[in-house]
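Residues per chain, in single letters:
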Amino acid sequence: MIWEQLAGNLTQGLILGGVYGMATMGLSLIFGVLRVVNVGHGPFIMVGAFITLWIFTTLKLSPVIAIPVAFIMGMALGFIFFYSAMRRLIKAPELATLLATFSIGVLLEETAKLIFGSDFQGYNWVVGKIILPVTVLPMSKLYALIGSVVIAIFLYVWFNKTRAGTAVRSVVEDSEGARVCGINVGWVYAFSFAIGIGLTVASGVLLTMFIPVGINPYMGGGYTLKAFVIAVLGGLTSPYGAFFGGLIFGLIENGSYTLFALMPGVEPFALTRFLSFFILLLILLIKPTGLLGGK
Amino acid sequence: MRNKLIIGIICFLVALGFILAINAQTAPKVPAKVIIGDVACLSGTYAKAGEQAFGGIKAIVKWVNEVHGGVKIGGKKVPLGHKYYDSESKKEVVTSLVERLITVDKVNCVLAPYSSGLTLAGAPIAEKYGMLYMDHGGASDRIFQQGYKYIVQTIGPGSRYHVGTLDMIHKIDPTAKRIALAYEDDEFARMVMMGAEKHAEKLGFKIVFKRTYPKKVTDLTPLLSDLKAAKPDIVLGGGHYEDGQLFGRQMGDLDINVKSLSLVASATLPAYYPALGTLAEGVMGPSHWEYGVTYSPEAAKKIGLEWIGPTQDEFVKLFKAALGKDIIPDYHAAEAGAAVLAYVLGIEKANSIEPAKVRAALDKLKFMSFYGAWDIDETGLQIGHSMIDMQWQGGKRVIIWPPEAATGKLYYPMPTIAEKAKGKLAVPK
């Protein structure tokens, strides 16, 4: 019985972890290239969630269509915020970029509230279920996982196999060296920031495919916190490392819940959070670059 | 003769001065305006309920000034003012705003913010200044177990939220014995479920599952998988809005079929149905007030209670005008408006704006408004107001309990998840 529950929860955790990973890739990419910690990460996820809601309820289209739309709109937002604010702050003290990204987050939240109101909204996309011996999986969750894996593969290929990806990696390694070699470092910064934001906004679509309710202007906060843990887990500067970090996080979160529930008088959810942050602390102490990160 | 006249005039003046002095001491101090301070939640986590409460307060302030003619003190009618700040739904902001309203804005009473946690955060500050603190959105009983003298509740206490739900199921289906409690780890939900557990045990139900989940939870799958394994007949859960939608949705994802599901706070909101579609069919929720209840001046007269305030339809009209939106108010608006009415009646009964005197008058006050009956015990806890239960039936909220307030019948047991997916509605034949 307990093994069945554990297997069921691990299956659910693996799928959720894939989506969490996708939701963290943008954060890692921006930190890796620009050395900017985007504390306004969660509100960009919220933007993706509202794009999905709008596409599904107003345009009556599948949430799958929302993935490329959100990515493109996210990139556009990335370019706007980069050229209006971030460009001037790249060489500024860390506190300035922290405050700037925090402000961008608040700006997005309040703009969303102005446009969509403060209701907790949701949509009902019914595409069937798979009944496994240990759990029930709605197809929408599976589509979310498949979407995450496909995007992670695309990013990996782009990062490692294309000229643009090589240019980004060279800027990560040594921005001055890259400039001497003729790479337009400013453009790489802008493009990386835009892709990072595009990925984050697109992850909002995938998250709502997993959980299509509770969409509201302030929904991003919880995901920001998780994204930081996952980013450290997967390697702060590695976007695809973040994807695997997400998978590990999902498995730890759901698997440990079942085990903690066996302890009498204990609230398992409280302990799963404790465990997540304990692991974060441990990794920072032992390997500050993250489990899957390099130098 | 002349001396006698002078002595007489002096005596008369002394007597006059004495009378005037006594009058000055006993006559009520009539202010130019009575100002209620409002720590509103217009942004942040509780923005939705906060907006409703804000609309309810504005609606009643307008009614008091334009229909009631103001607040009656010392034979005069004084206008009612409304000074508010946005607390951003944050505890640290609440404490500083309560202090600011009292010390800088010099308000005559403070309306607490929405939610038990935020109400508790502001209570010690109001108490420090001996300021009347009108609680309209903090349901936890614990607020009234701290020994505060100046806090007065209008919303019903959390421990009674599920009393009606359990009474109803106990009456309709005595074979449904297995109850699961799964709720947000928060002051309000804890109190609601403690009350539910106590009442369930009294009625002979068996608690087969009891777990909490943290605020801002993003996935309830592991908890709900364990809940499914416990095979409950009835699930009582929730806490606030976001988690309630998640709860209903993920019960559907995991095919958890129960005879009855009641979720606090979220299920009663209009946004619940559009978010979940037919998955919301048959889901119940305890509420303090719903549009359609039948409280009226005639009903008040029948049970010997004083009536104050607009009728239900007048309130709805004032509420829409206050917010500039064509939306029906929910119970957050109604209870906030009723708190203002209680304060106005308190002043009029006390014939004073002094918080201690108004508090003493509120102790003895019993009345009815569009919100229902109002009465408090010596701690300030609301004991006069009855909860109602609603159920989603065919996309509409129907009041199903208590029988005297019901606008429809309970659909029981609720449709299964598979039936709902096929479009089955929980509409009784």
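Asker: Help me understand the overall build of chain A, please; the structure alone is not making it clear to me.
Answerer: Across its full length, chain A carries 11 helices and 2 strands. In chain A, the order of α-helices and β-strands from amino to carboxyl end is α-α-α-α-β-β-α-α-α-α-α-α-α. A compact globule built from 295 residues should have a C-alpha radius of gyration of about 19 Å, and chain A, at 19 Å, falls within 12% of that. In terms of overall dimensions, chain A has C-alpha extents of about 65 × 50 × 35 Å along its principal axes. For chain A, buried positions account for 55% of its 295 residues. As displayed, chain A offers around 12,500 Å² of accessible surface, 74% of which is attributable to carbon and sulfur atoms. Both charge centroids of chain A, one from 16 positive and one from 10 negative side chains, sit 9 Å from each other.

Asker: Looking at this model, I keep getting lost on the packing of aromatic side chains. Mind explaining?
Answerer: Each aromatic ring pair is characterised by the separation of its centres together with the angle its planes make. Counting across every chain of the model gives 28 aromatic pairs over all chains. Measuring from centroid to centroid gives 5.9 Å for A:Trp158 and A:Phe159, while their planes differ by 35°, and the two rings are tilted. When sorted by exposure, A:Trp158 lands in the same class as A:Phe159, which is buried. On the numbers, 6.0 Å between centres and 80° between planes, the contact of A:Phe159 with A:Tyr240 is edge-to-face. On the criterion of sequence distance, the pair formed by A:Phe159 in helix α5 (residues 139–161) and A:Tyr240 in helix α10 (residues 239–260) is long-range, its members being 81 residues apart. Classification of A:Phe159 by relative accessible area gives buried; the value is 6%. Taken together through their ring pairs, the aromatic side chains of A:Phe79, A:Phe82, A:Tyr83, A:Tyr156, A:Trp158, A:Phe159, A:Trp187, A:Phe191, A:Phe193 and A:Tyr240 make up a single cluster. Across from the ring centre of A:Phe210, 4.5 Å away, lies the NZ or CZ of A:Lys141, which sits over that ring. Of note, B:Lys177 hangs over the ring of B:Phe205, and the distance from its end group to the ring centre comes to 5.9 Å.

Asker: Is there a simple way to explain the environment of A:Phe82 in this structure?
Answerer: All names here are of chain A. Inspection of the secondary structure puts phenylalanine 82 in helix α3 (residues 63–89). As for phenylalanine 82 and phenylalanine 191, which are separated by 109 residues in sequence, their C-alpha atoms are 9.1 Å apart. Once you skip the residues sitting within four places of it in the chain, phenylalanine 82 turns out to touch Leu34, Arg87, Ile90, Gly186, Tyr189, Ala190 and Phe193.

Asker: What is the right way to read the interface of chain A and chain B from this model?
Answerer: One widely used convention gives an interface's size as the accessible area the parts lose upon coming together. Counting residues at the interface gives 39 residues for chain A, matched by 41 residues for chain B. Interface of chain A and chain B: buried area, both sides summed, is about 3,200 Å²; carbon and sulfur atoms make up 53% of it. The interface formed by chain A and chain B contains 2 salt bridges. Where A:Lys129 meets B:Asp255, a salt bridge forms, and the shortest distance between an N and an O atom there is 2.9 Å. Viewed at the interface, chain B and chain A are joined by 15 residue pairs in polar contact (both at pLDDT 80 or more). Among the secondary structure elements, those contributing two or more residues to the side of chain A that touches chain B are α1 (2–34), α4 (94–116), β1 (129–131), β2 (136–138), α9 (220–234), α10 and α11 (268–286) of chain A. If you tally residues by element for the side of chain A that touches chain B, the top one is α1(A), at 5 residues. A breakdown of the residues in the side of chain A that touches chain B according to their chemical character gives 20 nonpolar, 11 polar and 8 charged.

Asker: Would you explain empty space enclosed by the protein in this entry?
Answerer: Tallied over the full model, the rule gives 5 cavities of 30 Å³ or more. Volume-wise, the largest cavity comes out at about 190 Å³. Lining the largest cavity we find 15 residues, and of these A:Gly214, A:Tyr223, B:Val217, B:Thr218 and B:Glu242 sit closest to its centre. Residue assignment for the lining of the largest cavity shows that the elements contributing at least two residues are α8 (185–210) and α9 of chain A together with α8 (241–253) of chain B. The element contributing the most residues to the lining of the largest cavity is α9(A), with 3 residues. Each residue belonging to the lining of the largest cavity can be placed in one class, and the counts come to 8 nonpolar, 5 polar and 2 charged. Of the voids in this model, the second largest cavity is the one considered here, and its volume is about 80 Å³. Contributing to the lining of the second largest cavity are 13 residues, with B:Ile256, B:Leu261, B:Met414, B:Ile417 and B:Lys420 lying nearest its centre. At the level of elements, α8 and α14 (417–421) of chain B are the ones that each hand at least two residues to the lining of the second largest cavity.

Asker: Is there a simple way to explain the side chain of B:Gln391 in this structure?
Answerer: Positionally, B:Gln391 belongs in strand β16 (residues 388–393). Assessed through its relative accessible area of 1%, B:Gln391 is described here as buried.

Asker: Is there a simple way to explain the state of the cysteines in this structure?
Answerer: Here a disulfide denotes a covalent bond joining the sulfur atom of one cysteine to the sulfur atom of another. Residue and element names in this part refer to chain B. The full count for this structure, using the stated rule, is 0 disulfides over all chains. Here cysteine 109 is not disulfide-linked; the sulfur of cysteine 41 is the nearest cysteine sulfur, at 16 Å. Judged by its relative accessible area of 0%, cysteine 109 falls in the buried class.

Asker: Looking at this structure, how should I read the side chain of B:Gln393?
Answerer: Tracing the sequence through the fold places B:Gln393 in strand β16. Classification of B:Gln393 as buried rests on a relative accessible area of 8%.

Asker: Is there a simple way to explain the pattern of salt bridges in this structure?
Answerer: Note that side chains of opposite charge can pair when their charged atoms are close. All names here are of chain A. Enumeration according to the criterion identifies 23 salt bridges over all chains in this entry. Between glutamate 253 and lysine 226 there is a salt bridge; the shortest N-O distance is 3.4 Å. With glutamate 253 in helix α10 and lysine 226 in helix α9, the pair connects residues that are 27 residues apart, well separated along the chain. Given the relative accessible area of 16%, lysine 226 is considered buried.

Asker: How should the environment of B:Leu220 be read in this particular structure?
Answerer: Note on placement: B:Leu220 falls in the loop between β9 (206–213) and α7 (221–229). Its relative accessible area of 0% is what places B:Leu220 among the buried residues. Sequence spacing of B:Leu220 and B:Gln146 is 74 residues, and the spatial spacing of their C-alpha atoms is 33 Å. In this structure B:Leu220 touches A:Phe269, B:Tyr213, B:Asp243, B:Leu246, B:Phe247 and B:Gln250, once residues within four positions along its chain are discounted.

Thresholds applied
- In this convention, every chain numbers its residues from 1, walking through the sequence in written order.
- Chains and ligands are labelled sequentially in the order written, the chains with letters from A and the ligands with numbers from 1.
- For this predicted model, a pLDDT threshold of at least 70 governs which residues receive local features, and a threshold of 80 or more governs which side-chain atom pairs are given and counted, while totals over whole chains, interfaces and linings are taken from all residues.
- Note that the side-chain values use all heavy atoms of the structure and ignore hydrogens as well as water.
- Numbering goes from the N terminus for both helices and strands, where a helix is a DSSP run of H or I of at least four residues and a strand is a run of E of at least two.
- We compute the radius of gyration from the C-alpha atoms alone; for a globule the expected value is 2.2 Å times N to the 0.38, where N is the number of residues.
- Summary of the burial criterion: residues with accessible area below 20% of their type's maximum are buried, those above 50% are exposed, and those between are partly exposed, where the area comes from a 1.4 Å probe applied to protein chains only.
- Methods summary: accessible areas were calculated by the Shrake-Rupley approach with a probe of 1.4 Å, and residue burial reflects only the protein chains presented.
- Charged residues are defined here as Lys and Arg on the positive side and Asp and Glu on the negative side; His and the ends of the chain fall outside this count.
- Taken as the charge centre is NZ of Lys, CZ of Arg, CG of Asp or CD of Glu, depending on the residue.
- Stacked, tilted and edge-to-face are the three classes applied to pairs of Phe, Tyr and Trp rings, where Trp contributes its six-membered ring and a pair requires centres within 6.5 Å; stacked means planes under 30 degrees apart, edge-to-face means over 60, and tilted covers the rest.
- A positively charged side chain is recorded as over a ring if its NZ (Lys) or CZ (Arg) lies within 6 Å of the ring centre. The angle to the ring normal must also be within 35 degrees.
- What makes two residues a contact is simply this: any of their non-hydrogen atoms within 4.5 Å.
- Take the accessible area each of two parts loses on contact, using a 1.4 Å probe, and add the two losses: that sum is the buried area.
- In the sections that follow, a salt bridge refers to a side-chain nitrogen of Lys or Arg positioned within 4 Å of a carboxyl oxygen of Asp or Glu.
- Within 3.5 Å is the distance limit for a polar contact, defined as a pair of N or O atoms, with the added protein rule that one can donate a hydrogen and the other accept it, and that residues adjacent in sequence qualify only through two side-chain atoms.
- Any residue that is not Ala, Val, Leu, Ile, Met, Phe, Trp, Tyr, Cys, Pro, Asp, Glu, Lys or Arg is counted as polar, Gly included; the first ten are nonpolar and the last four charged.
- Using protein atoms alone on a 1 Å grid, points that fit a 1.4 Å probe yet trap it form a cavity, whereas open point sets bounded by protein on both sides within 12 Å along at least five of seven lines form a pocket; residues with an atom within 4 Å of a point count as lining.
- Grid points are joined across faces, edges and corners, and a volume is the space filled by probe spheres set on the points.
- Two cysteine sulfur atoms form a disulfide, by the criterion used here, when they sit within 2.5 Å.

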